[in-house]
Amino acid sequence: MNATATAADPRTTALALAAAVLAAASFIAMDGTAKWLGERYGTAQVTFLRFAFGTLYAVPLWLWWRPSLPTRSQWRWHLLRSALLIVALLTWFHALKVLPLVQAVGIGYTAPIFISLLAMWALRERPSRWLWAAMALGMSGVVVGLWPELGSVDAGGGAARPWGMAAAGVSALAYAGVMVVARHQARQDALWTILLVQNVIPTIVLAVPLWWLWASIQWSDVPILLLMGGFATIGMVAITWAYTHVEASRAAPLEYTGLVWAALLGWLAFGEIPTGWSIGSAALIVLGCLLLLRR
């Protein structure tokens, strides 16, 4: 916990909490644009475009603030984080392509559980007595969401959904690795440097295989691509600012407002009506993650 967070005045605290809500909404909006684009382009191309258009925002921000570039010893952490980000978004965008938005987001919220487990191993953090209960609830939520899908593989798209849920789980695990590495990076590099590198490196890496898989982009999709990069940038800047100015235990629960935004966006943009199974699955996962706040 930093001094800024502990000494924050009520107005700063309110702004930080509002920033956490803005971040949740921005990330869900980014997911919505990726899901929309996934109907016309392959998962790998959508992932590349997410990083490429994120770079269009990251470069001017870095040039404006002019923070220092990473030192030689820090580059290995940036490369590891970029690799994990590529895995996280490739699997996440595949999940968004085949799952209802609210169901994918619900499974994605298992990430805090994986973060705690990885922190125990990588950062030698002391395990909490609540962690195992949180894991049980989170995994129960995944099972609840998966159960009806396993019995409906003959339905339209049913066979793809279990794989989509597995992809969302892999994405949550990879994203947990991203966050654990970020804890280390935050002590060394400026936000604008991290934002720049985590967009540029994946863009370069993904450009090579996409040479053979590229599909021509329709000009009508360019505004959507700009929105995707913009929402991703706003989300990261907002959540980082929130966690800098208020205790994590106060900001973290507000990230789960993303489920509300996911349900609303899924209904308005994709005609998705959340089922009782999806709502129950998301509720168990969120309850498990909220238990981690007792740490």
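Relevant structure appears above.
Residues numbered from 1 in each chain as written. Predicted model: local features only at pLDDT ≥ 70, side-chain atom pairs only at ≥ 80, totals over all residues. Heavy atoms only, no water.

A. The arrangement of the nonpolar core in detail. Counting 41 residues, the largest nonpolar core has W92, F93 and V105 as its most contacted members. Contributions of two or more residues to this core are made by helix 2 (10-38), helix 3 (43-65), helix 4 (75-98), helix 5 (101-108), helix 8 (160-185), helix 10 (222-245), helix 12 (258-270) and helix 13 (276-291). A per-element tally of this core places helix 4 first, with seven residues. Once residues lying within four places of it in the same chain are set aside, the contact partners of W92 are D31, A104, V105, G108, A168 and S171. (Core = buried A, V, L, I, M, F, W, Y, C linked by side-chain atoms within 4.5 Å. Buried < 20%, exposed > 50% of the residue type's maximum accessible area, 1.4 Å probe, protein only. Helix = DSSP H or I, 4+ residues; strand = E, 2+ residues; numbered from the N terminus. Contact = heavy atoms within 4.5 Å.)

B. Here's a closer look at unusual backbone geometry. For R66, which is not glycine, the phi dihedral falls at a positive 50°. Mapping R66 onto the fold places it in the loop between helix 3 and helix 4.

C. Local environment of the pattern of salt bridges. Inspection of every chain in the model, using the stated rule, returns two salt bridges. With a closest N to O distance of 3.5 Å, E272 and K35 form a salt bridge. A residue pair is termed long-range when its members are at least 10 positions apart, and E272 in the loop between helix 12 and helix 13 and K35 in helix 2 qualify at 237 residues. No difference in accessibility class separates E272 from K35, as the two residues are buried. Here R40 ties to D221 by a salt bridge, and the two come within 2.8 Å at their closest N and O atoms. Separated by 181 residues along the polypeptide, R40 in the loop between helix 2 and helix 3 and D221 in the loop between helix 9 (191-207) and helix 10 bring together distant segments of the chain. (Salt bridge = Lys/Arg side-chain N within 4 Å of Asp/Glu carboxyl O.)

D. Just the packing of aromatic side chains, in detail. Taken as a whole and assessed by the stated rule, the structure comprises three aromatic pairs. Note on F48 and W214: the rings are 5.8 Å apart at their centroids and 85° apart in plane angle, and the pair reads as edge-to-face. With a gap of 166 residues between them, F48 in helix 3 and W214 in the loop between helix 9 and helix 10 connect regions that are remote in the sequence. Residue W214 is classed as partly exposed on the basis of its relative accessible area, which comes to 40%. Consider the rings of W65 and W192, whose centres lie 5.7 Å apart with planes at 5°: the pair is stacked. Highlighted residues: W65 in helix 3 and W192 in helix 9, separated in sequence by 127 residues. Given the relative accessible area of 18%, W192 is considered buried. Lying over the aromatic face of F270, K35 brings its terminal NZ or CZ to 5.5 Å of the ring centre. (Phe/Tyr/Trp six-rings, centres within 6.5 Å; stacked < 30°, edge-to-face > 60°. Lys NZ or Arg CZ within 6 Å of the ring centre and 35° of its normal.)

E. Spatial organisation of helix 9. Its 17 residues place the ends of helix 9 25 Å apart at the C-alpha level, agreeing with the 24 Å of an ideal helix rising 1.5 Å per residue. In terms of residue burial, helix 9 counts as a mostly covered element, since 12 of its 17 residues are buried. Turning to helix 9, its buried residues are W192, T193, I194, L195, L196, V197, Q198, N199, I201, P202, T203 and L206. (Expected span 1.5 Å × (residues − 1).)

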